[in-house]
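Okay, here's what each chain looks like letter by letter:
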Amino acid sequence: MIKISKYRGCFKGLAVGDSFGAPYEGGLLERQLWKFIGKTKQGKRRYTDDTQMSIDIAASFLEYESYNQEHLAKRFAQSYQWTRGYGASAAKLLKGVRSGKRWQDLNRIKFKQGSVDNGAAMRAPIIALSHPRNDTTLKKAVQLVSEITHAHPTAIEGAYIIAVVICEALRDRSNKEIFNVLESCCQSDIYRTKLAKCKTLLFFHQVPHIQCIKKDLGNGVTAVESCVTAIYFGLQYRNSSLTSLLANIFTLGGDTDTIAAMAASIWGSLNGEGGMTNLAQQVENIEYIDELSEKLYYSHYQYDHMLQPA
Ligand code: R7I
Ligand code: MG
Ligand code: MG
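- If you check an unreviewed UniProt entry, the protein chain appears there as ADP-ribosylglycohydrolase family protein from Microbulbifer okhotskensis.

Written out as structure tokens, the structure is:
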């Protein structure tokens, strides 16, 4: 049986990676701005859209015991705040939904096939917590949750491979086992090529120079330039501290909040919540994130839980 600590570690890892990565994201202007808005009045680190949308997914799933796209789109829209650093087209879509428009009429307006960015992948770990078996129900759930804001096939496939890695990490699979599963799930040439490069870096090299990771895997805001990078870090640092994983992602630069959010949630799914307590305590709303993780867990493992001795 999967341990509850892994559920907590997955969700808290996402929030830790996001809120510790946010100060390093973007250009000079964004970094300066975050210095002013990056802390709560109580001095906790604020999280960005990555964690907020993950919270929305968990809360909406728990309310419906499944994914209801209309409910989730409204929940995303209600939670929108510009200070959480949403991408420009996601922000526009969410403001549209808030004013009564249908998400289906908005998600392909700016880009014909939908956004290619990593806004679907950054929240995909939570879909894995709601569908922890890597099967067709997981794939369907990823499609439903992602297409509301990110209809492009590469955005959805990026979300799917992140969710698959989380499912396998929750089961303590080795890096080799995880790659075998990824290779059988992954369909497009673009991700197959990235995964092959990632495999080389993970299995056949000493820890590579950070510039090599940037060149081969990427550090950008598109799903293609960030999902495999996060997988690399989550797996490469699985036996190291979360702090060292994060420090290396911050050195890499680029979309640091999102790459760190995805990588740290993989790390937390492998290692559980122990080893991130000090970091998690510094993040706003972490008690609510814990509460949601627990509810997601017991929505699956209630029966098994009742069989366990107290
Ligand atoms: O994916 P999204 O919600 O968030 C992207 C990043 C994440 O790392 C968050 O943490 C946040 O920091 O931002 O963002 P979107 O709004 O879907 O996309 C952001 C921008 O990417 C758009 O406004 C476009 O400028 C660009 N973009 C594209 N450009 C060309 N072609 C997105 N999709 C396309 C495209 O298909
Ligand atoms: Mg963000
Ligand atoms: Mg980001």
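**A closer look at the layout of surface pockets**
Using a probe with the size of a water molecule, rolled over the atoms, empty space left in the structure can be pinpointed.
No. 1: Empty space within the largest pocket amounts to approximately 600 Å³.
No. 2: Glu-25, Asp-49, Gly-85, Tyr-86 and Gly-87 are, among the 32 residues lining the largest pocket, the residues nearest its centre.
No. 3: For the lining of the largest pocket, the secondary structure elements donating two or more residues are helix 2 (28–37), helix 3 (49–64), helix 5 (88–98) and helix 14 (256–271).
No. 4: Looking at the lining of the largest pocket element by element, the count peaks at 4 residues for helix 2.
No. 5: Residue composition of the lining of the largest pocket, grouped by class: 13 nonpolar, 11 polar and 8 charged.

**Quick notes on the coordination of the magnesium ion (ligand 3)**
No. 1: Around the magnesium ion (ligand 3), the donor atoms from the protein are Asp-255 (OD), Asp-257 (OD) and Thr-258 (OG1), and they sit 2.1 to 2.3 Å away.
No. 2: The distance between the magnesium ion (ligand 3) and the magnesium ion (ligand 2) comes to 3.6 Å, and Asp-257 binds to both of them. Both residues of the pair, Asp-257 and Thr-258, belong to the buried class.

**Topic: helix 7 (residues 136–147)**
No. 1: Spanning 12 residues, helix 7 covers 17 Å between terminal C-alpha atoms, matching the ideal 16 Å at 1.5 Å per step.
No. 2: Taken together, the buried positions of helix 7 are occupied by Leu-138, Ala-141, Val-142, Val-145, Ser-146 and Glu-147.

Definitions and limits used
- Residues numbered from 1 in each chain as written.
- Chains lettered and ligands numbered in written order.
- Predicted model: local features only at pLDDT ≥ 70, side-chain atom pairs only at ≥ 80, totals over all residues.
- Heavy atoms only, no water.
- 1 Å grid on protein atoms, 1.4 Å probe; cavity = no way out; pocket = protein on both sides within 12 Å on 5 of 7 lines; lining within 4 Å.
- Points joined across faces, edges and corners; volume = space filled by probe spheres on them.
- Helix = DSSP H or I, 4+ residues; strand = E, 2+ residues; numbered from the N terminus.
- Nonpolar A, V, L, I, M, F, W, Y, C, P; charged D, E, K, R; others polar.
- Donors = N, O, S within 2.8 Å, 3.2 Å for Na, K, Ca; no water.
- Buried < 20%, exposed > 50% of the residue type's maximum accessible area, 1.4 Å probe, protein only.
- Expected span 1.5 Å × (residues − 1).

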